Protein chains: 2
Amino acid sequence: MTAFRRFNRYFTRRIGVLDDHYLGQDRPLGEARLLFEIGDGASLRELRSRLGLDAGYLSRMAKALQAQGMVRLSAHPRDSRLRMIELTPAGRVEVEEQDRRAGAVAAGLLEGLGEAQRAELTRAMATAQRLLRLAGITVTLVDGAAPDALACLDSYAADIDARFPEGFDKDDLVRPQEVSGDAGAFFVAYEEDRPVGCGALRRLEPGVGEIRHVWVHPDARRLGLARRLLAALEQEASARHFTVVRLDTHAALTEAQAMYRACGYTAIPAYDDNVYASHWFEKRLAG
Amino acid sequence: MTAFRRFNRYFTRRIGVLDDHYLGQDRPLGEARLLFEIGDGASLRELRSRLGLDAGYLSRMAKALQAQGMVRLSAHPRDSRLRMIELTPAGRVEVEEQDRRAGAVAAGLLEGLGEAQRAELTRAMATAQRLLRLAGITVTLVDGAAPDALACLDSYAADIDARFPEGFDKDDLVRPQEVSGDAGAFFVAYEEDRPVGCGALRRLEPGVGEIRHVWVHPDARRLGLARRLLAALEQEASARHFTVVRLDTHAALTEAQAMYRACGYTAIPAYDDNVYASHWFEKRLAG
DNA sequence: ATAGTTCTTTGACTTTAGTCAAAGGTATGG
DNA sequence: CCATACCTTTGACTAAAGTCAAAGAACTAT
């Protein structure tokens, strides 16, 4: 904990300060940040929430950038309350220039290190980032019919449809009422208010729950999030006095199978006739 | 390199922003930073260079903090151009409050992680910090009579005087002229303009150099800096067409001996009658 | 002792950053 | 179609952050 604070202090002094100064070389930091954040186009509303800016403030900065020829503003094709902002070629050049400078600063910062040391630093940073991201993700119980829940299930279905040789039919997803209220539970994992994973629990028979649709967004994989979701589902199952949870999995999802085994699940005979399933697991819950 | 940039971006977004917001809870960020940076007292000049502030700006902030009863200003006892600034008891309370808040934010940030994950994060951060510090240290050739060189030798002498059972006599340090110009070389390691280590090379006999007084400031140990100094000294020796470098070391300095061995030095018979020496080493230089 | 340097203070600015509320044009649910 | 909610723009501010130059006091080197 003290180590964490010490690192933060050192790092923000050392890197953060630089960051600020190179980014806004010839324009205010706010504008530079905005320019950078636009990327391949976005709505003002999106930028406002991403950067946490006041509406008026943002509107003015956008106008200033437009006057400088860095961005183009237009109405959203389907909702003309929203304004879309995108980089002009000149704006793109500017962003690249920012990027080049940032790269040069970073290179200068590391030039004292040898190859092996650089690799070690990269490894350490990747680990730290992975854990910080994981720490920032919260797993929340939501209604099975909540928009975020449905969005996750949609992504899940699209995902496995691409991975299963035989495809996947969305009709085989759980119904919202199966995972809401007394019937079951649905968890969504949020990373900064954006859903990045889900998992469902439903009652299979008295004392027995079934875990379904454990899914993690591609951007949030390899963080250990699936385990967190699984833990939340198991805790919920315990709270509902289930003594056993079961789940099935498709032959193509080998990493998932490995994870279930590592989390204490053991293979059992088929308990249903799910056409997508090739392996069935269960876990006895303590308490 | 890309990984480095990615980490910076993520980290400053995630932590830096928070930092700003909690620090200045009821006072401007600039003042909060200044208050924090004062620590156990400093001169305005020192703070100005540490924080990179304009003299006028700093002067005004100091006055504001004084008016709020947070700091006391006084003249430097020996140079009354300089103004010393130190925390009053009220200021100290304020800094502690800042610190408490920062701690709470940090704790909140990490509460999603388990014990083992936290330990892993701490390890990764410590590694990253160590390497970043090392990357920021530059090793420079200076004149043997330069103030920084003498200051390092002073610290070195005090250091080993405390560690050698028999003490150490400063008269046994190299003379500046032995390590300047054609006679030898002196390197100082700087971390942000502050000397944190040194090492000397002098000619022992034709084709043979001697390395002496390799020292690292206690704050900069365990970074791998001694090796950097050693490498610089060896490179300098090569440039001077020495084919061999020798050095001796005291029985008490066991880590140093291990380092020399790891860097390719082999034990040899005594080549001098240094009263402090118990082990003698040499290394044949390539090229 | 003198010239040049260093450090701080002060006055007089400018630029950034950010806030708040009113107003106007668009969607959306019923 | 109507009330309501949403998104953006504009005007009118404020506070913070930072800059520049002049001036005065104190030190240092010669």
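A few points about the protein's contact with DNA strand C
In step 1: Close to DNA strand C lie 21 residues; Y57 and S80 of chain A together with R45, R60 and R83 of chain B are nearest.
In step 2: Counting only atoms of DNA strand C within 4 Å of the protein, the fraction found in sugar and phosphate groups is 67%.
In step 3: Within the side chain of R81 of chain B, an N or O atom sits 3.3 Å from a sugar or linking oxygen of DNA strand C.
In step 4: Among the elements of the structure, helix 2 (29-38) and helix 4 (55-67) of chain A together with helix 3 (44-51) and helix 4 (55-67) of chain B are those that each provide at least two residues to the surface near DNA strand C.
In step 5: At five residues, the largest contribution of residues to the surface near DNA strand C is made by helix 4 of chain B.

With respect to the packing of aromatic side chains
In step 1: Under the counting rule described, the total for this entry stands at 18 aromatic pairs over all chains.
In step 2: An aromatic cluster is built from F7 and F11 of chain A together with F7 and F11 of chain B, whose rings are joined through pairwise contacts.
In step 3: The residue whose ring lies beneath R246 of chain A is Y271 of chain A, and the NZ or CZ to ring-centre distance is 5.8 Å.

Re helix 2 (residues 29-38) of chain B
In step 1: Taken together, the buried positions of helix 2 of chain B are occupied by E31, A32, L34, L35, E37 and I38 of chain B.
In step 2: After helix 2 of chain B finishes, the residue G39 of chain B shows a positive phi value of roughly 60 degrees.

Topic: the relation of the copies chain A and chain B
In step 1: Screw-axis analysis of chain A against chain B gives a translation of 0.1 Å along the axis, an RMSD of 0.3 Å, and a rotation angle of 180 degrees. Taken together, these values place the two copies in the relation of a two-fold axis. Ranked by how close their C-alpha atoms come to the rotation axis, the residues of chain A are headed by A124 of chain A, at 2.4 Å.

A word on the side chain of K283 of chain A
Residues and elements named next belong to chain A.
In step 1: You can see K283 is positioned in strand 10 (residues 279-284).
In step 2: On the accessibility criterion, K283 (18% relative accessible area) is buried.
In step 3: In terms of polar contacts, K283 uses its side chain to reach the backbone carbonyl oxygen of C263, at 2.7 Å.
In step 4: The residues contacting K283, other than those within four sequence positions of it, are E234, T243, V244, V245, C263, G264 and Y265.

So, the pattern of salt bridges
In step 1: Under the counting rule described, the total for this entry stands at 44 salt bridges over all chains.
In step 2: Between R27 of chain B and E31 of chain B there is a salt bridge whose closest N-O contact spans 3.5 Å.
In step 3: On the basis of relative accessible area, E31 of chain B is assigned to the buried category, the value being 10%.
In step 4: A single salt-bridge network, built from bridges that share partners, covers E205, R246, E282 and R284 of chain A.

With respect to the pairing of strand 3 (residues 83-87) of chain B
All names here are of chain B.
In step 1: Examined bridge by bridge, strand 1 (residues 42-43) and strand 3 share two bridges and lie antiparallel to one another. Bridged to A42 within strand 3 is I85.
In step 2: Bridge count between strand 2 (residues 71-75) and strand 3: five bridges; the pairing is antiparallel. Looking across to strand 3, one finds that L73 is bridged to I85.

Comments concerning the sheet that holds strand 2 (residues 71-75) of chain A
Residue and element names in this part refer to chain A.
In step 1: Spatially, the three strands line up as an open sheet ordered 1-3-2, and their pairing is antiparallel. A single partner strand is all that each edge strand has here, and the edge strands are strand 1 (42-43) and strand 2.
In step 2: Taken strand by strand, helix 2 contacts strand 1, strand 2 and strand 3 (83-87), and its axis lies near 95 degrees from that of strand 3.

Cut-offs applied
- Residues numbered from 1 in each chain as written.
- Chains lettered and ligands numbered in written order.
- Predicted model: local features only at pLDDT ≥ 70, side-chain atom pairs only at ≥ 80, totals over all residues.
- Heavy atoms only, no water.
- Near = heavy atom within 4 Å.
- Polar contact = N/O pair within 3.5 Å; in protein donor to acceptor, adjacent residues only side chain to side chain.
- Helix = DSSP H or I, 4+ residues; strand = E, 2+ residues; numbered from the N terminus.
- Phe/Tyr/Trp six-rings, centres within 6.5 Å; stacked < 30°, edge-to-face > 60°.
- Lys NZ or Arg CZ within 6 Å of the ring centre and 35° of its normal.
- Buried < 20%, exposed > 50% of the residue type's maximum accessible area, 1.4 Å probe, protein only.
- Least-squares fit on C-alpha atoms with pLDDT ≥ 70 in both.
- Contact = heavy atoms within 4.5 Å.
- Salt bridge = Lys/Arg side-chain N within 4 Å of Asp/Glu carboxyl O.
- Pairing = 2+ DSSP bridges.
- Axes fitted to C-alpha atoms, helices over the stretch in contact; angles between N-to-C directions.

These figures come from the coordinates and say nothing about function on their own.
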